[in-house]
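Residue strings, one per chain:
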Amino acid sequence: MNSKVICWQDFDFTTFGIAKNLQEKHNCDLFGIFDFPDRPTKFFQEQSLVKYDKKWFYHNHISPNKKPDLEYLKNIEKKYKIDIWKIAYNDRIFFKYNDFYKFTPDEILSIIEQGCRLFEKVLDDVNPDFVLMPISNSGRMHIFYEMCKSKDIKVLMLVPTRFGHRTMISEETDFVDYPEEAPSRNTRTLEELQNYLKGHDTFKETSQYSEEFHKSKVQFFKAAIDFFLFSKNTNLKTHYTYFGRTKLRVFFNYIGAIIKKNYRVNFINKNLSRKIDDEHFIFFPMITEPERGLLIASPFHTNQFELLVHVVKSLPIGYKLYVKDNPQMSTRDWRSVSFYKQIMELPNVKLLHPSISPYDILKKCSLVITAGGTTGLEAAFYEKPTITFVDTLYSTLKSVYLLKNIQDLPSVIRSQLTKKIDLDDLNSFVNLIDKNSFEFSYGDLDIDFHHTFFYGGFLSDVEIEIPVMDAFLQKHQSEFDQLGLEYAKKIKQHQEYLSKN
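(A) Main features of the overall build of the protein. Counting its secondary structure elements, the protein contains 21 helices and 13 strands. Against the 2.2 N^0.38 benchmark of 23 Å for 501 residues, the protein shows a C-alpha radius of gyration of 23 Å, consistent with a compact globule. Along the three orthogonal principal directions, the C-alpha set of the protein runs to about 65 × 60 × 50 Å. When burial is assessed residue by residue, the protein has 56% of its 501 residues classed as buried. Working note: accessible area of the protein is about 23,000 Å², and carbon and sulfur atoms make up 51% of it. Mean positive and mean negative side-chain charge positions of the protein (66 and 66 charges, respectively) differ by 4 Å.

Take a look at the structure:
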């Protein structure tokens, strides 16, 4: 029998290309949940490039004006072991990151309730073997993900490995599915490990992605013309993710964002240090915000300034704290100047310019403290220990300490400063990732998606033409053949594991 696969399809069109390949070459029966505004929805209603046995359009099932059924939601929390408010509070639509609409608690719970009812119906109707979805980067996606995991449905996600241009397919964003499978022995020297890291440079990868996103002025003007002259903006009434987004408010919000970004860039360039002094210091790399890695993956550590204050209070005498923002914050218009000023006013703190390579900092720092950022892994390649507030892919390294009690931070810092790197341990980790991942440049494909369909990332509610999509899939046929093959291997791995257990 063919495997039954539910596909969660949103603006990550990689999922669509993978679904097409699995259907054509790997005998999978597909079902689809589609999470789009009105204009791209039309494409998925009419296209036949991928044939779904059944389709559900998420927003057709959501009406926020209904009174929430609290007993049903209590049962959902108990049945699926989901903490609803923890997920909802860190959803960028519901709270502080939404500039256009303020949701009431009843509206939020009503939306979540109706989503859960839809998800239960879909899962009961299909009884899927697998779920194909992007990384769960919204509350609704993450609730669906948790429900699938609770029902022992294998989730297939294309996730980063913390090494640039290297990707794996896993049920969880920061863990290998079957780590007990021993990797082949491959021992590298420290220099060889550092060269491996430089060959998979995440800083370079994210910087290049940020430079390409929202880059073209021509694409911006085309997007503006499309939105203001041709879009009916019907999502205002039908999609809660677009509530409050009138054309006039969007216009003034965008103009305000441009002004704020220019002001912030000017402040950053004039006031943030580009010099790494010859002194003892601990390094705190900030995480992009809003971003899944901070909101969903680290729900209780979203206030990075508060974390910085805790670290400052815990510094040993003779050490400074160096802080650097993520260059990908340029796609979020950077943080407020007042936020940077707050950091600069902290005692024993130096705020570095975001353009500085983390590798230059790692060569001179004594310790890295992070809320789960990739620099915590990269530190080991420069023989530096790490403290992380969040369990991550690299938390298993002997040089990494997962802090569970903030009151232990002062003593843990002192202990970690004496920690030595075990090269055999680091080699085993790299070998594990090598065995369970593959070379793939997801960022390049994603940028081409945005340039082809979404005016370089400036507008997502657009008409998608079937011939254009077909041409795009043909252009990237080799990439989707590779991904289809990797997904087929992962499906087989799950099936073999289940048959043995």
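(B) Quick look at the sheet that holds strand 13 (residues 438-439). Spatially, 7 strands are ordered 3-2-1-4-5-6-13 in an open sheet, and the strand pairing comes out mixed. Every other strand in the sheet has two partners, leaving strand 3 (54-57) and strand 13 as the edge strands with one partner each. Judged from the 4 bridges that link them, strand 2 (residues 28-34) and strand 3 form a sheet pairing that is parallel. Directly across from Gly-32, in strand 3, lies its bridge partner Lys-55.

(C) Expanded view of helix 13 (residues 304-314). Three or more residues of helix 13 are buried, namely Gln-304, Phe-305, Leu-307, Leu-308, Val-311, Val-312 and Ser-314. Capping the start of helix 13 is the job of one residue whose side-chain oxygen sits 3.3 Å from the backbone nitrogen of Phe-305: Asn-303.

(D) Examining helix 1 (residues 14-25) more closely. Between its first and last C-alpha, helix 1 extends 16 Å over 12 residues, near the 16 Å set by a 1.5 Å rise per residue. For helix 1, the tally of buried residues reaches 9 of 12 residues, placing the bulk of the element in the interior. Inspection of helix 1 places Thr-14, Thr-15, Phe-16, Gly-17, Ile-18, Ala-19, Lys-20, Asn-21 and Leu-22 among the buried residues, and these make up the whole buried set. Among the residues trailing helix 1, Asn-27 stands out with phi positive, at a value near 55°.

(E) Highlighting the packing of aromatic side chains. Scanning the entire structure with this criterion turns up 45 aromatic pairs. Note on Phe-34 and Tyr-52: the rings are 5.1 Å apart at their centroids and 90° apart in plane angle, and the pair reads as edge-to-face. Within this pair, whereas Phe-34 is found in strand 2, its partner Tyr-52 is found in the loop between helix 2 (38-46) and strand 3, the two being separated by 18 residues in sequence. For Tyr-52, a relative accessible area of 11% gives the class buried.

(F) Up close: the sheet that holds strand 10 (residues 367-370). Strand order in this open sheet of 6 strands is 9-8-7-10-11-12, and the pairing throughout is parallel. Each edge of the sheet is formed by a strand with only one pairing partner; in this case those strands are strand 9 (349-352) and strand 12 (400-402). Each strand axis lies, on average, 20° off the axis of its neighbour in the sheet, ignoring direction. With 5 bridges joining them, strand 7 (residues 281-285) and strand 8 (residues 320-324) adopt parallel strand pairing.

(G) View of the pattern of salt bridges. One pass over the full model with this rule turns up 31 salt bridges. Close ionic contact of Arg-39 with Asp-226 constitutes a salt bridge, the shortest N to O distance being 2.7 Å. Here Arg-39, found in helix 2, pairs with Asp-226, found in helix 9 (residues 217-230); they are 187 residues apart in sequence, far enough to count as distant. Each of the two residues, Arg-39 as well as Asp-226, counts as buried. Here Arg-117 ties to Asp-69 by a salt bridge, and the two come within 3.3 Å at their closest N and O atoms. In this pair, Arg-117 is assigned in helix 5 (residues 105-126) and Asp-69 in the loop between strand 3 and helix 3 (70-80), connecting sequence segments 48 residues apart. A relative accessible area of 33% places Asp-69 in the partly exposed class. One connected set of salt bridges, linked through shared partners, spans Lys-96, Glu-289, Asp-325 and Arg-335.

(H) Structural detail: the packing of helix 1 against helix 21 (residues 477-500). Across the interface, helix 1 lies against helix 21 with an axial gap of 8 Å and an inter-helix angle of 70°. With respect to helix 21, the axis of helix 1 lies roughly perpendicular. The handedness of the crossing between helix 1 and helix 21 comes out as right-handed. When helix 1 is examined against helix 21, the residues Thr-14, Gly-17, Ile-18, Asn-21, Leu-22 and Lys-25 are found in contact with a partner set consisting of Gln-477, Phe-480, Asp-481, Leu-483, Gly-484, Leu-485, Tyr-487 and Ala-488. Here the contact of helix 1 with helix 21 is composed, by residue class, of 7 nonpolar, 5 polar and 2 charged.

(I) Here's a closer look at a nonpolar patch on the surface. A cluster of nonpolar side chains, Ile-225, Phe-228, Leu-229, Phe-230, Leu-248, Phe-251, Phe-252, Ile-255, Ile-258 and Ile-259, forms an exposed patch at the surface whose accessible area comes to about 1,000 Å². Contributing elements (two or more residues each) for the nonpolar patch: helix 9 and helix 11 (247-271). Secondary-structure assignment places Leu-229 in helix 9. Classification of Leu-229 as exposed rests on a relative accessible area of 63%.

Calculation criteria
Residues numbered from 1 in each chain as written. Predicted model: local features only at pLDDT ≥ 70, side-chain atom pairs only at ≥ 80, totals over all residues. Heavy atoms only, no water. Helix = DSSP H or I, 4+ residues; strand = E, 2+ residues; numbered from the N terminus. Rg over C-alpha atoms; globule rule 2.2 N^0.38 Å. Buried < 20%, exposed > 50% of the residue type's maximum accessible area, 1.4 Å probe, protein only. Areas by Shrake-Rupley, 256 points an atom, 1.4 Å probe, with all protein chains shown as cover. Lys, Arg positive; Asp, Glu negative; His and termini not counted. Charge placed at Lys NZ, Arg CZ, Asp CG, Glu CD. Pairing = 2+ DSSP bridges. Polar contact = N/O pair within 3.5 Å; in protein donor to acceptor, adjacent residues only side chain to side chain. Expected span 1.5 Å × (residues − 1). Phe/Tyr/Trp six-rings, centres within 6.5 Å; stacked < 30°, edge-to-face > 60°. Axes fitted to C-alpha atoms, helices over the stretch in contact; angles between N-to-C directions. Salt bridge = Lys/Arg side-chain N within 4 Å of Asp/Glu carboxyl O. Parallel < 35°, antiparallel > 145°, perpendicular 65-115°, else oblique. Left-handed = near helix turned anticlockwise from the far one by under 90°. Contact = heavy atoms within 4.5 Å. Nonpolar A, V, L, I, M, F, W, Y, C, P; charged D, E, K, R; others polar. Patch = residues over 30% accessible without salt bridge, like charges linked within 9 Å, V, L, I, M, F, W, Y side chains within 5 Å.

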